[in-house]
Amino acid sequence: MQDIPARGIDEFFPRLEALRGLAALVVVADHAWQSPWNDPSGGTRSFIRSTAEGVYGGWTTLALSIFGNGLAAVNLFFVISGFVLLQSLVRGPASTTTNTVRFVIARLFRIYPAAIATIGIFLLVFYSTDLTISGPAAYAPLG
């Protein structure tokens with residue numbers, strides 16, 4: 001039997017990161033295909049149509065229950081994220097203050113550019129196509 005080398009606490013786990021990424025994609029897909037939007041004529045549209053509210057029916061029910069379980073994906077994402085966060089904190093400096101400052105700065109430069117870009121893309125789509133996720137009042141500067 002082949003010996004499996006022991007992993008250290010500071011080692012990177014690419015398969016866990018890939019699984020975390022897949023869980024995030026499932027959550028995004030779950031939101032995308034369940035979310036209705038308003039077209040320019042005022043009608044409500046969605047990716048998956050159904051005669052009953054919240055019921056898909058047919059092969060889509062099976063596919064969504066297997067690949068689009070957003071709630072399970074959220075749980076999986078947060079469990080893996082907790083493990084990744086622990087790894088990040090263990091690898092960092094021993095000083096609590098230094099570790100906290102490093103962590104906050106790293107998260108600010110990692111999260112805010114993506115959030116600002118996402119808001120910009122939604123505003124661009126809204127102003128160029130008049131498609132909305134909710135009423136136009138929600139896109140007002142203070143909405």
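Up top is the structure.
In this report, we go over the structure that sits alongside the text. (Residues numbered from 1 in each chain as written. Predicted model: local features only at pLDDT ≥ 70, side-chain atom pairs only at ≥ 80, totals over all residues. Heavy atoms only, no water.)

**Side note on the packing of aromatic side chains**
The relative placement of two aromatic rings is captured by the distance of their centres and the angle of their planes.
Here is step 1 of the chain: Under the counting rule described, the total for this entry stands at two aromatic pairs.
Here is step 2 of the chain: Judged by centre distance (5.8 Å) and plane angle (75°), the rings of F77 and F78 are edge-to-face.
Here is step 3 of the chain: Relative accessible area serves as the criterion here: at 27%, F77 is assigned to the partly exposed category.
Here is step 4 of the chain: Given a relative accessible area of 58%, F78 falls into the exposed group. (Phe/Tyr/Trp six-rings, centres within 6.5 Å; stacked < 30°, edge-to-face > 60°. Buried < 20%, exposed > 50% of the residue type's maximum accessible area, 1.4 Å probe, protein only.)

**Description of the pattern of salt bridges**
When charged atoms on two side chains of opposite charge get close, those side chains can pair.
Here is step 1 of the chain: Using the criterion set out here, one finds one salt bridge in the structure.
Here is step 2 of the chain: The shortest N-O distance in the salt bridge between E17 and R20 comes to 3.2 Å. A residue pair is termed a helical-turn pair when its members lie 3 or 4 positions apart in one helix, as E17 and R20 do in helix α1 (residues 14–34) at three residues.
Here is step 3 of the chain: When its relative accessible area of 23% is taken as the criterion, E17 is described as partly exposed.
Here is step 4 of the chain: Residue class for R20 comes out buried when judged on its relative accessible area of 13%. (Salt bridge = Lys/Arg side-chain N within 4 Å of Asp/Glu carboxyl O. Helix = DSSP H or I, 4+ residues; strand = E, 2+ residues; numbered from the N terminus.)

**Some remarks on the packing of helix α3 (residues 70–91) against helix α4 (residues 96–129)**
Here is step 1 of the chain: Remark: α3 packs on α4, axes separated minimally by 10 Å, with the N-to-C direction vectors making an angle of 130°. Taken as axis vectors, α3 and α4 run oblique relative to one another. Relative to α4, the crossing made by α3 is right-handed. In contact with L85, S88 and L89 of α3, α4 contributes N99, R102, F103 and R107.
Here is step 2 of the chain: In terms of residue class, the contact of α3 with α4 is built from three nonpolar, two polar and two charged. (Axes fitted to C-alpha atoms, helices over the stretch in contact; angles between N-to-C directions. Parallel < 35°, antiparallel > 145°, perpendicular 65-115°, else oblique. Left-handed = near helix turned anticlockwise from the far one by under 90°. Contact = heavy atoms within 4.5 Å. Nonpolar A, V, L, I, M, F, W, Y, C, P; charged D, E, K, R; others polar.)

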